[in-house]
Amino acid sequence: MCGIIGVTGEPDALPLILGALHQLEYRGYDSAGVALVAGGEIWRARAADGTHSVADLAALTADAPRGHAAAIGHTRWATHGHPTPENAHPHVDCTGRLALIHNGIIENHSALRADLVANGHTMTSATDTEVMVHLIERFMAEGSDLTAATRRMLGSVRGAFSIAVICADEPDTIVAARRSTPLVLGLRDGTAFLASDIPALIGHTREVYALADDELAVLTPGHLHVTTLEGAPVIPEQLTITWDLEAAQKGGFPDYMSKEMDEQPLAVATTLLDRRGAGGELILDELRISADELRRIDKVFIVACGSSYHAAAVAKYALEHWVKLPTEVDIASEFRYRDPVIGDRTLCVGVSQSGETLDTSEAMREASRLGAKVLVVSNVVDSSMARHADGVLYTRAGPEVGVASTKCHLAQIVALEILGLFLAQIHGTLTAPEIGEILNAMDELPALMTRTLSRRREVDEVASKLTDARDFFFLGRHVGYPVALEGALKLKELAYLRAEGYAAGELKHGPIALIEPGVVVVGIATRNPLWEKMLSNIAEVHSRGATVVLVADDGDEEAAAVADHVLWVPPTSPLLSPVIGVIPLQQLAYRLARLHGHDPDRPRNLAKTVTVE
Ligand code: F6R
């Protein structure tokens, strides 16, 4: 899972490459590198400094040659080989006249490496990637040009890849190709670009094209020539770019996470926009699946990873209540390897803010193969999952750069609930006035979210009392349960504290043995159908010495009576309450991360988009 950028036709591409690598850091940042053709040679620099690799790379390139031709850059999240400078991309061949960057995994790299080494090639890294550049070297030595040698190389490798390769003998050319991982192309006057995703190109061009699986592109200044891997010409699909660079920057906040938490009301409001027709009925224009097809649906699967899975878990409660359809939620990496019972009347919903997560996209591919109608909820317009699904529903949260999902997560809950209401409308399980009433309550959410966000200082104060705590349980029931899961995930990934999310009723079946003084229990005690039972579960842990922090509705003194600290939230209807209840938990995790000295935008070992298994 890496970020890729390439440019040809710019007299001084280095600042552009470094800027794009900064934009791409959310794809991984444990190492970074650049290679360019200058004076008939390949010049290369690489850095591997955990979270500051791109900044280090900028320092290393201070004395790079100017006036160069093609250039490529890479920011890495390690899969094969430790994050060291030797393993950082670009990788070069034995002659040093070829350089290659790669996102993905080459599955047959061991056999290829053994063969290359036996035939005299010297490998200098532990990566799966390096074999590709040596294979190109081999084929060029046999007489192929760069494009033909790359094609032959791709015929020898198995796995997932987006690659870009440059050669000192063809100074203005970049050859790029993809299979299963994303790659976009761009054009502007005399310049041609490639990148792993769109934000890297914002500010440089709006003429952007998607490279499809098993396509190869030859970039020369101002030109793109796209073919299949076999060489048949292809007209690439042009994409619509609606984001500007400003939208992808921090806008005065100390970090992306703060900025993106603050943008949550807007993200939800925008996701709700223009969903009602003249008669008040719900309309989902972009869905691409007809009402007739949706009427046939008799089962729903919602499949996702991480925070997106937690959004899916909230939606299960809403769909079962509103649509009365059996609704299963599953983790994508499990779903795709079991035998889910799916038929042509199943709707399979993949939830992925990036639309690129490999586990989820492969799960959708499997669902499609099994005959399901596949619908994707994504934040990225024209993401590869969005393009391959039967239908799509976009969250409209804008780019999310913070590694830990915030605004996209809440927008996903809202989008999935809109989908639930749409299905209820089609299946006739809710009347038009009932749907209208729920939509009206949804329209109130942005204002309630703003009110909740404004209480950040009260959350900070609670956090300051928990700095010595190392063990946290997050408990909830009904929709409070996925909220608890999300709160625990945020605390783990940002503050590196042990945090378990549990269904509160399950605690007495084992985990309660871990409750003792010093353990913090964060309970979701907003009013839902199981609120009373939730308070009983909280009383059980309080009496065993846990420090209790409760998320509770404004003025709920009964809840406050069993808590040491309360995170007050404005009440809303139970099925919508996760959109509010998650916010203080994000703020708590953020503040504890800061108090422990961690940068919330750069949680260790993580990357924003996970395009490996
Ligand atoms: C956690 C987080 C991740 C993502 C997960 C899925 O804060 O952001 O758990 O939710 O990696 O990513 P997408 O939604 O892009 O498929």
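Within every chain, residues take consecutive numbers counted from 1 along the sequence as written. Only residues with pLDDT of at least 70 get local features here, since the model is predicted, and only at 80 or more are side-chain atom pairs given and counted; chain-wide, interface and lining totals rely on the full set of residues. Calculation of side-chain values draws on the structure's entire complement of heavy atoms; hydrogens and water are dropped beforehand.

1. Digging into the side chain of Lys 407
Secondary structure elements are defined from DSSP: runs of H or I of at least 4 residues count as helices, runs of E of at least 2 residues count as strands, and each element is numbered from the N terminus. With respect to the element layout, Lys 407 can be found in helix H13 (residues 407–427). The classification of residues rests on relative accessible area computed with a 1.4 Å probe and restricted to protein chains. Under 20% of the type maximum is buried, over 50% is exposed, and intermediate values are partly exposed. Residue classification places Lys 407 among the buried positions, given a relative accessible area of 2%. In this description, contact between two residues means that some pair of their heavy atoms is separated by no more than 4.5 Å. Once residues within four sequence positions are removed from consideration, Lys 407 is found in contact with Glu 260, Glu 263, Gln 264, Ala 267, Ala 397, Gly 398, Pro 399 and Glu 400.

2. Let's talk about the site of the ligand
Contacts to the ligand come from 15 residues, most closely from Ser 308, Ser 352, Ser 354, Thr 357 and Glu 493. At 3.5 Å, a backbone N or O of Val 403 approaches an oxygen atom of the ligand. Burial of the ligand by the protein amounts to 91% of the accessible area it has alone, namely 410 Å². Every element with two or more residues in the shell around the ligand is listed here: helix H9 (306–323) and helix H16 (480–495). Three classes are used, and their members are as follows: Ala, Val, Leu, Ile, Met, Phe, Trp, Tyr, Cys and Pro are nonpolar, Asp, Glu, Lys and Arg are charged, and the others, Gly among them, are polar. Its residues placed into classes, the shell around the ligand shows four nonpolar, nine polar and two charged. Boundaries between domains were set according to an automatic or database domain assignment. Both domain 2 (261–443) and domain 3 (450–595) contribute no fewer than three residues apiece to the shell around the ligand. Working definition: residue near molecule or strand if any one of its non-hydrogen atoms lies within 4 Å of it. Pairing of N or O atoms within 3.5 Å defines a polar contact, subject to two protein rules: one partner must be a possible hydrogen donor and the other a possible acceptor, and residues neighboring in sequence count only if both atoms are side-chain atoms. Exposure was quantified through the Shrake-Rupley algorithm and a 1.4 Å probe, taking into account, for residues, occlusion by the shown protein chains and nothing else.

3. Section: unusual backbone geometry
Residue Pro 90 is reached from His 89 by a cis peptide bond, and omega for that bond is -5°. Locating Pro 90 in the fold gives a position in the loop between strand S4 (71–76) and strand S5 (91–92). One non-glycine residue, Tyr 496, lies in the positive phi region at around 55°. Structurally, the position occupied by Tyr 496 is in the loop between H16 and strand S21 (498–503). Overall, Tyr 496 belongs to the partly exposed group, its relative accessible area being 23%.

4. Here we look at the pairing of strand S7 (residues 159–167)
By the criterion of burial, S7 is predominantly enclosed, with nine of the nine residues buried. Neither face of S7 is open: one carries Gly 159, Phe 161, Ile 163, Val 165 and Cys 167, the other Ala 160, Ser 162, Ala 164 and Ile 166, and all of them are buried. Pairing between strands is defined by DSSP: at least two bridges between them are needed. Looking at chain direction, strand S6 (residues 98–106) and S7 are connected through nine bridges and run antiparallel. Looking across to S7, one finds that Asn 103 is bridged to Ser 162. Counted between consecutive antiparallel strands, the loop separating S7 from strand S8 (residues 170–179) contains two residues.

5. Digging into the packing of helix H15 (residues 456–464) against helix H19 (residues 578–595)
Helix packing geometry: the angle between the two helix axes and the distance between the axes. As a rule, the C-alpha atoms of each element are fitted with a line to give its axis, helices using only the stretch in contact, and angles between N-to-C directions run from 0 to 180 degrees. Closest axis-to-axis distance for the H15/H19 pair is 9 Å, and the angle between their directions is 50°. By the angle class used here, H15 and H19 are oblique. In this structure, H15 meets H19 at a crossing whose hand is right-handed. Taken together, the residues of H19 that come into contact with H15 (itself represented by Arg 456, Val 459, Asp 460, Ala 463 and Ser 464) are Pro 584, Gln 587, Leu 588, Arg 591, Leu 592 and Leu 595. The class makeup of the residues in the contact of H15 with H19 is six nonpolar, two polar and three charged. Note on angle classes: values under 35 degrees are labelled roughly parallel, values over 145 roughly antiparallel, values of 65 to 115 roughly perpendicular, and the remainder oblique. A clockwise turn of the near helix away from the far one marks a right-handed crossing, whereas an anticlockwise turn of less than a right angle marks a left-handed crossing.

6. Regarding the nonpolar core
Nine residue types can take part in a nonpolar core, namely buried Ala, Val, Leu, Ile, Met, Phe, Trp, Tyr and Cys, and a core is a set of them joined through side-chain atoms within 4.5 Å. Ile 302, Val 349 and Phe 472 are the most contacted members of the largest nonpolar core, which has 87 residues in total. With twelve residues, H13 is the single largest residue contributor to this core. Per-domain counts for this core show at least three residues from each of domain 2 (261–443) and domain 3 (450–595). Leu 24, Leu 36, Ala 71 and Ala 210 belong to the second-largest nonpolar core, a separate cluster that totals 31 residues.

7. Section: the pattern of salt bridges
Basic side-chain nitrogens of Lys or Arg form a salt bridge, by our definition, when they fall within 4 Å of a carboxyl oxygen of Asp or Glu. Following the criterion strictly, the structure yields 34 salt bridges and no others. The partner of Glu 293 in a salt bridge is Lys 373, and the shortest N-O contact between them spans 3.3 Å. A residue pair is termed long-range when its members are at least 10 positions apart, and Glu 293 in helix H8 (residues 291–295) and Lys 373 in strand S18 (residues 373–378) qualify at 80 residues. Since its relative accessible area comes to 30%, Glu 293 is described here as partly exposed. Residue class for Lys 373 comes out partly exposed when judged on its relative accessible area of 22%.

8. Focus on helix H1 (residues 14–23)
Within H1, seven of the ten residues are buried, which leaves it mostly tucked inside the rest of the structure. Within H1 the residues assigned to the buried category are Leu 14, Leu 16, Ile 17, Leu 18, Ala 20, Leu 21 and Gln 23.

9. Side note on the sheet that holds strand S20 (residues 471–476)
Strands in a sheet are paired, the pairing made by backbone hydrogen bonds, and the direction either parallel or antiparallel. Spatial strand order, S21-S20-S22-S23-S24: five strands in an open sheet with parallel pairing. In this open sheet, the two strands that pair with only one neighbour each are S21 and strand S24 (565–569). Averaged over all adjacent pairs, the angle separating strand axes in this sheet is 20°, with direction ignored. Examined bridge by bridge, strand S22 (residues 520–524) and strand S23 (residues 547–553) share five bridges and lie parallel to one another. By the bridge assignment, Gly 523 is partnered in S23 with Leu 550.

10. Description of the pairing of S6
Most of S6 is tucked away: eight of the nine residues are buried. Note: S5 against S6, two bridges, orientation antiparallel. Paired with Val 92 across the strands is Ala 99, a residue of S6. Following S5, the chain reverses through five residues before pairing antiparallel with S6; Gly 96 in that reversal takes a positive phi of roughly 75°.

11. Some details on the domain arrangement of the chain
Each domain of the chain was delimited in the assignment, giving domain 1 (3–249), domain 2 (261–443) and domain 3 (450–595). Taken over C-alpha atoms, the centre of domain 2 sits 27 Å from the centre of domain 3. At the interface, 25 residues of domain 2 touch 21 residues of domain 3. Around 1800 Å² of area is buried between domain 2 and domain 3 when both sides are counted, 75% of it from carbon and sulfur atoms. Values labelled buried area give the accessible surface lost by two parts on being combined, using a 1.4 Å probe and summing over both. Ranking the residues of domain 2 by area buried against domain 3 places Met 261, His 310 and Tyr 317 at the top, with a combined share of 32%. Our count for the domain 2 to domain 3 interface comes out at six residue pairs in polar contact (both at pLDDT 80 or more). At the level of secondary structure, the elements contributing two or more residues to the side of domain 2 that touches domain 3 comprise helix H6 (256–262), helix H7 (264–272), H9, H13 and helix H14 (432–453). Of the residues that constitute the side of domain 2 that touches domain 3, the class distribution is 15 nonpolar, eight polar and two charged.

12. Concerning the sheet that holds strand S10 (residues 191–195)
Taking strand neighbours across the sheet as the criterion, the eight strands line up as S3-S2-S4-S1-S10-S9-S11-S14 in an open arrangement whose pairing is antiparallel. Each edge of the open sheet carries a strand with a single partner, namely strand S3 (41–47) and strand S14 (237–239). Mean inter-strand twist for the sheet, computed between neighbouring axes without regard to direction, equals 20°. Sheet topology note: the strand S9 (residues 184–188)/S10 ladder contains five bridges and is antiparallel. Each bridged residue has a counterpart across the sheet, and for Gly 186 the counterpart in S10 is Phe 193. Across the sheet, helix H2 (residues 53–60) lies against strand S2 (31–38), S3 and S4, angled at about 140° from S3, the strand it touches most.

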